[in-house]
Amino acid sequence: MRGIKKIHKTIISLIAVLVVVSCTKYDNPAPFFEELIKEKKKQRKVLLISIDGLSGEMLKNAELPNINSLKSNSKYTYELTGNGTLNIDKTGVSGWVNMVSGQTFFTHKIKDNSFTFEPGSDNDPHAEVNDVRNVLEYIADNRTFTTAVVTPWTELRDFLRASELSPKVSSDLAGKDSTLSMLKIFDLGTLIVNFKGLEDAFEANADPSSPAVVEVLSQTDKYIAEIITALEARNTFEFEDWL
């Protein structure tokens, strides 16, 4: 009985403490409403600009203020590495296929303006033909953004026909203007711009120091400056991560 009385007293004491605590008043701070800011993840995008005919030596020695301004955030080399194909293909076709397919010439064996592999007499006519797919075809399989190719080179444009946007342009100037227009209008994810004026100038005059060649290269440098300026002026540039 004494044990039960002690338990009853303990319970009554606990109840009394709880009543006192529950009746105690505490300061009620003013409500604070914090605005939820949702962080927007930057979209990764690619801009590829090619100047056909530009050698590493010319890039190193020419006065190209706009191209040179990009070097601080670049990885580059002035050394020409042709993987043994320089005597096989002087048109630049194999280099383009290397770049957009990830394969070397000795795998794709494409070396002429048709951008297709033609088996020669020294090849097995029954051998399996390598299916050369370029990066734009892989993007097209899972397209989540717009791709564009701008080039006056008809055969290259046809080879990269998986691109969603591929305006027909006949000169570097028209290509630059078309690029500026698309940067203003479209939500581009991959943009490939090819300048061929320098290569054409070399065909007319092989001397890299000739006034015609120097002028074309200088003008191309200015075109690139306009493209970079238009890129950075996009309304969405803050949320884009361009490579």
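Everything here concerns the structure above.
Residues numbered from 1 in each chain as written. Predicted model: local features only at pLDDT ≥ 70, side-chain atom pairs only at ≥ 80, totals over all residues. Heavy atoms only, no water.

What follows covers helix α10 (residues 211–232). Along its 22 residues, α10 runs 32 Å from first to last C-alpha, staying within 8% of the 32 Å computed at 1.5 Å per residue. Residues of α10 that are buried include every one of Val 213, Leu 217, Thr 220, Asp 221, Tyr 223, Ile 224, Ile 227, Ile 228, Ala 230 and Leu 231, and no others. (Helix = DSSP H or I, 4+ residues; strand = E, 2+ residues; numbered from the N terminus. Expected span 1.5 Å × (residues − 1). Buried < 20%, exposed > 50% of the residue type's maximum accessible area, 1.4 Å probe, protein only.)

For strand β3 (residues 188–195), a buried count of eight out of eight residues is recorded, marking the element as mostly surrounded by other parts of the structure. The pairing of strand β1 (residues 43–51) with β3 spans six bridges and is classified as parallel. Its bridge partner lying in β3, Ile 51 is registered against Phe 195. Bridge count for strand β2 (residues 146–150) against β3 is five bridges, and the pairing is parallel. Bridge pairing in β3 links Thr 147 to Thr 190. (Pairing = 2+ DSSP bridges.)

Grouped together as the largest cluster of nonpolar side chains are 29 residues, with contacts concentrated most on Leu 47, Leu 188 and Leu 191. Counting only elements with at least two residues in this core, the list comes to β1, α2 (56–61), β2, α8 (172–185), β3, α9 (197–204) and α10. Ranked by the residues each element gives to this core, the list is headed by α10, at eight residues. Sequence-distant contacts of Leu 47, defined by excluding residues within four places in its chain, comprise Leu 191, Val 193, Ile 227, Ile 228, Leu 231, Trp 242 and Leu 243. The next biggest cluster of nonpolar side chains, apart from the first, holds 15 residues, and it includes Ile 139, Val 149, Trp 153 and Leu 160. (Core = buried A, V, L, I, M, F, W, Y, C linked by side-chain atoms within 4.5 Å. Contact = heavy atoms within 4.5 Å.)

Next up on the list: the environment of Ile 224. Of note, Ile 224 is situated in helix α10. Here the alpha-carbon distance between Ile 224 and Phe 195, two residues 29 residues apart in the chain, equals 9.8 Å. Those residues within four positions of Ile 224 in sequence are excluded, and the remaining contacts are Ile 49, Ile 51, Ile 67, Leu 70 and Phe 195.

Coordinates in, geometry out; function isn't part of it.
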